[in-house]
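# Tertiary structure, described
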Amino acid sequence: MNDSGKKSIVFKSPAWIIAVITALVSFILPFIFAGMLFLLGKLIGISNEETGNFLAYLLTGMVIALMCFLICKAHPKAIWYAPVICNAITLWIGIGHLLKGNSAITIPFAIGWFISIVAGIAGKNAGNTSIPEQLNKP
């Protein structure tokens, strides 16, 4: 029975390509989340730019962690490089904020890195359970 049509793009594509796409999308996500949080803050009467940026970067870290989980679940050997590639741009942005003296913004990036590594390990462990089943298929 051939179920290759039911697999998602994460399972079909090489892990490094999905990780690079995740990194590129992670450059755009903070702007989208910050804009949405700014509009939400205006609607409810709260307009704190620092809190909005903090939450935007934290949400971006959670999306990256989810992608690290999915990549490592589909490709368990990618645990060695997927979290690094996925977080490459956020690391660059976080270091830039740290060098400018805005260390409060680097906290969500550090949290995102930690969650990405934990999610990658969890995805690797979840992906390892399905490998013996794939080896038994003709």
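Since the model is a prediction, treat every value here as computed from it, not as a measurement.

To continue, consider the packing of aromatic side chains. One pass over the full model with this rule turns up 2 aromatic pairs. Between Phe 27 and Phe 31, the ring centres sit 6.1 Å apart and the planes meet at 75°, which makes this aromatic pair edge-to-face. Here Phe 27 pairs with Phe 31, and both are found in helix H2 (residues 15-44), just 4 residues apart, close to one helical turn. Residue Phe 27 is classed as partly exposed on the basis of its relative accessible area of 37%. Taking the relative accessible area as the measure of exposure, Phe 31 reaches 59% and is therefore exposed.

Along its 12 residues, helix H5 (residues 88-99) runs 17 Å from first to last C-alpha, staying within 8% of the 16 Å computed at 1.5 Å per residue. Once H5 ends, the next one or two residues include Gly 101, with phi positive near 95°.

What follows covers the nonpolar core. For soluble globular proteins, nonpolar side chains are generally found buried alongside one another. Counting residues in each nonpolar core, the largest one holds 12 residues, listed as Ala 15, Ile 18, Ala 19, Ile 64, Met 67, Cys 68, Ile 71, Cys 72, Ala 78, Ile 79, Ala 82 and Cys 86. For this core, the secondary-structure elements that each account for two or more residues are H2, helix H3 (49-74) and helix H4 (82-86). Here this core gets 5 residues from one element, more than from any other, and that element is H3. Formed by 6 residues, the second largest nonpolar core is a distinct cluster that contains Ala 23, Tyr 57, Ile 89 and Phe 109.

Definitions and limits used
- Residues numbered from 1 in each chain as written.
- Predicted model: local features only at pLDDT ≥ 70, side-chain atom pairs only at ≥ 80, totals over all residues.
- Heavy atoms only, no water.
- Phe/Tyr/Trp six-rings, centres within 6.5 Å; stacked < 30°, edge-to-face > 60°.
- Helix = DSSP H or I, 4+ residues; strand = E, 2+ residues; numbered from the N terminus.
- Buried < 20%, exposed > 50% of the residue type's maximum accessible area, 1.4 Å probe, protein only.
- Expected span 1.5 Å × (residues − 1).
- Core = buried A, V, L, I, M, F, W, Y, C linked by side-chain atoms within 4.5 Å.

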